[in-house]
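Listed here are the chains, written in short residue letters.
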Amino acid sequence: MALLETPINPYISTLSKTIDDLVWWDLQEPARAYLGISSIGEPCARKLWLSFRWFSFEDFDGRMLRLFRRGHREEETIVSDLRTAGVKISHVLDDQLTFDFGSHVMGHPDGLITEGVPEAPKTEHIAEFKTHNDASFRELKAKGVKEAKPMHWIQMQCGMLGATRYFGHQVDRALYVAVNKNDDELYTERVRLDEEAAENAIQRGQRIATGDYIPPGISQRPDWWQCRCCRFHDFCHKEGKKDRLLPEINCRTCAHFTAAKDGKCYCEMFGHSEIPVEAQRKEHYCHVFHPDMVGWPYVERLGTKDSVAYSIDQLSEDTVLNGADGYSSREIKVAIEGGATSAAGIERLSEEDTELTF
Ligand code: SF4
Ligand code: SF4
């Protein structure tokens, strides 16, 4: 008997796909220009550095972006429910506080509770709201936020420290409000300030953001659990293939970029001039790949004032010059992604493909 084709449901509409395709344009957000306190508890310093330096951008589809939007909208509901329960809360939603810790570390707590938490009605609390899937929510209930969600705990520590500095008086409590997306169950926990943990986290974030060189990764094992789901996995662990993977071309992946301790970003190629954030996002012809972001060894003796030399093929000592005296970063990226494996290959592809030249 011939296999029957799976019948197509005539009632299924393509509208959901259309929505996902279109909301993608509306909900896309540019990469953050600072290290946020929501990510600062990330255990891998390399992951934080590569994110801050815009090595690559997270490519969320329309469905994921709608999911994030739902999480943001939950904040409105939680604030309303807290107020119903007699909690006085300010600086919420579009009126959030901004705590600038300096050296590119910043954060925005979800709100400031001034009164009404039953266990301490007159005590100020930083508010932090999170939605969880069922498994994560159950773990949270079983272990508490510090053990189950250490990054959220660090975020609140930094929030309390930021509020203390901002208001000039001690804000040493936070209220964590978690919602189970599965059944709307709520979990609330009060967290006490651990000033040392907060200071350490902020200083670590500042060191990572202002670091000129890539920090070590959390593991050299490709199957390490934190690496397996990391978006930089191919860069860190694809031995023999990572020289095929070049970063996005923007100021932050350039060898001439400096993120300074004064919270500004400078271009060393143009006399330590400040680069506004929007200019950093653009692709400039003067870009040269940061040596730590390519899989090829840097050959110092062959570089020039405006160009960096890489040994693209270590066996033949084939070198490629990236910059004003050699190939632009775009030419190299397109040629490498097009299959070039040597300087000669880049030369050939750049001659063949007019798209490679500006
Ligand atoms: S793959 Fe692992 S080592 Fe590399 S950035 Fe990600 S977590 Fe860190
Ligand atoms: S050299 Fe060009 S790409 Fe590099 S940091 Fe300066 S302006 Fe940006």
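Residues numbered from 1 in each chain as written. Chains lettered and ligands numbered in written order. Predicted model: local features only at pLDDT ≥ 70, side-chain atom pairs only at ≥ 80, totals over all residues. Heavy atoms only, no water.

(A) Just the side chain of Ser136, in detail. One can find Ser136 in helix H4 (residues 134-143). In terms of polar contacts, Ser136 uses its side chain to reach the side chain of Lys149, at 3.4 Å. (Helix = DSSP H or I, 4+ residues; strand = E, 2+ residues; numbered from the N terminus. Polar contact = N/O pair within 3.5 Å; in protein donor to acceptor, adjacent residues only side chain to side chain.)

(B) Spatial organisation of the packing of aromatic side chains. Counted under the stated rule, the structure contains 8 aromatic pairs. Judged by centre distance (5.0 Å) and plane angle (80 degrees), the rings of Tyr166 and Phe167 are edge-to-face. Classification of Phe167 as partly exposed rests on a relative accessible area of 29%. Geometry around Phe52 places Arg252 over its ring, the cationic atom sitting 4.5 Å from the centre. (Phe/Tyr/Trp six-rings, centres within 6.5 Å; stacked < 30°, edge-to-face > 60°. Buried < 20%, exposed > 50% of the residue type's maximum accessible area, 1.4 Å probe, protein only. Lys NZ or Arg CZ within 6 Å of the ring centre and 35° of its normal.)

(C) Fine view of the site of ligand 1. Inspection of the region around ligand 1 gives 13 residues, with Cys44, Ile218, Cys227, Cys230 and Cys236 positioned closest. Elements supplying a minimum of two residues to the shell around ligand 1: helix H2 (45-52), helix H8 (225-228) and helix H9 (233-237). No other element matches the 3 residues that H9 contributes to the shell around ligand 1. Class assignment of the residues belonging to the shell around ligand 1 gives a composition of 6 nonpolar, 5 polar and 2 charged. (Near = heavy atom within 4 Å. Nonpolar A, V, L, I, M, F, W, Y, C, P; charged D, E, K, R; others polar.)

(D) Quick look at the environment of Asp243. Secondary-structure assignment places Asp243 in the loop between H9 and strand S9 (257-259). Residues within four places of Asp243 in sequence aside, it is in contact with Gly295, Trp296 and Ile336. (Contact = heavy atoms within 4.5 Å.)

(E) Quick look at the pairing of strand S12 (residues 307-313). Taken across its 7 residues, S12 has 6 buried, putting it largely inside the fold. Bridge count between S12 and strand S13 (residues 318-323): 6 bridges; the pairing is antiparallel. Looking at S13, one finds that Tyr310 is bridged to Val320. (Pairing = 2+ DSSP bridges.)

(F) Quick look at the nonpolar core. Within the largest apolar cluster, 51 residues are counted, with the highest numbers of intra-cluster contacts made by Ile126 and Cys158. Formed jointly, this core draws a minimum of three residues from each of two domains, domain 1 (60-201) and domain 2 (240-356). Residues Val288, Phe289, Val308 and Ile332 belong to the second largest nonpolar core, which totals 18 residues. (Core = buried A, V, L, I, M, F, W, Y, C linked by side-chain atoms within 4.5 Å. Domains from an automatic or database assignment.)

(G) Representation of H2 in the model. Along H2, 6 of the 8 residues are buried, which leaves the element largely enclosed by surrounding structure. Of the positions making up H2, those classed as buried are Ala45, Arg46, Leu48, Trp49, Leu50 and Phe52. Considering only its buried residues, H2 is in contact with strand S1 (35-36), helix H7 (195-210), H9 and S9. Positive backbone phi, at 50 degrees, marks Trp54, one or two positions downstream of H2.

(H) View of the sheet that holds strand S4 (residues 105-107). Reading across from one edge, S1-S4-S3 is the order of the 3 strands in this open sheet, with mixed pairing throughout. One side of each edge strand has no neighbouring strand; the edge strands of this open sheet are S1 and strand S3 (99-102). Sheet topology note: the S1/S4 ladder contains 2 bridges and is parallel. Its bridge partner being in S4, Gly36 is matched across the sheet by Met106.

(I) A look at the sheet that holds strand S11 (residues 273-274). Strand order in the open sheet formed by 3 strands is S9-S10-S11, with antiparallel pairing between adjacent strands. Single-partner strands in this sheet number two, and they are S9 and S11.

(J) Structural context of the pairing of S3. Side-chain alternation along S3 places Phe99 and Phe101 on a buried face and Asp100 and Gly102 on a face that remains uncovered. In the sheet, S3 pairs with S4 via 3 bridges, with the strands oriented antiparallel. Residue pairing for S4: Asp100 is matched across the bridge by Met106. With antiparallel pairing between neighbouring strands as the criterion, S3 and S4 make up a hairpin whose turn holds 2 residues, including Ser103 at a positive phi of roughly 55 degrees.

(K) Here's a closer look at the pattern of salt bridges. Within this structure, the stated rule accounts for 17 salt bridges. Between Lys17 and Asp21 there is a salt bridge whose closest N-O contact spans 2.8 Å. Taken together, the residues span about one helical turn, with Lys17 and Asp21 both in helix H1 (residues 15-27) at a distance of 4 residues. A salt bridge links Arg330 to Glu283; the shortest N-O distance between them is 2.7 Å. (Salt bridge = Lys/Arg side-chain N within 4 Å of Asp/Glu carboxyl O.)

(L) Quick peek at unusual backbone geometry. The phi dihedral of Asp184 is positive, around 70 degrees, even though this residue is not glycine. Tracing the backbone shows Asp184 in the loop between strand S7 (173-180) and strand S8 (186-192). Owing to a relative accessible area of 55%, Asp184 belongs among the exposed residues under this scheme. Positive phi values are uncommon outside glycine, yet His272 reaches one of about 60 degrees. Its place among the elements puts His272 in the loop between strand S10 (265-267) and S11.

(M) Spotlight on the domain arrangement of the protein. Domain boundaries assigned for the protein yield domain 1 (60-201) and domain 2 (240-356). When each unit is reduced to the centre of its C-alpha atoms, the spacing between domain 1 and domain 2 is 41 Å.

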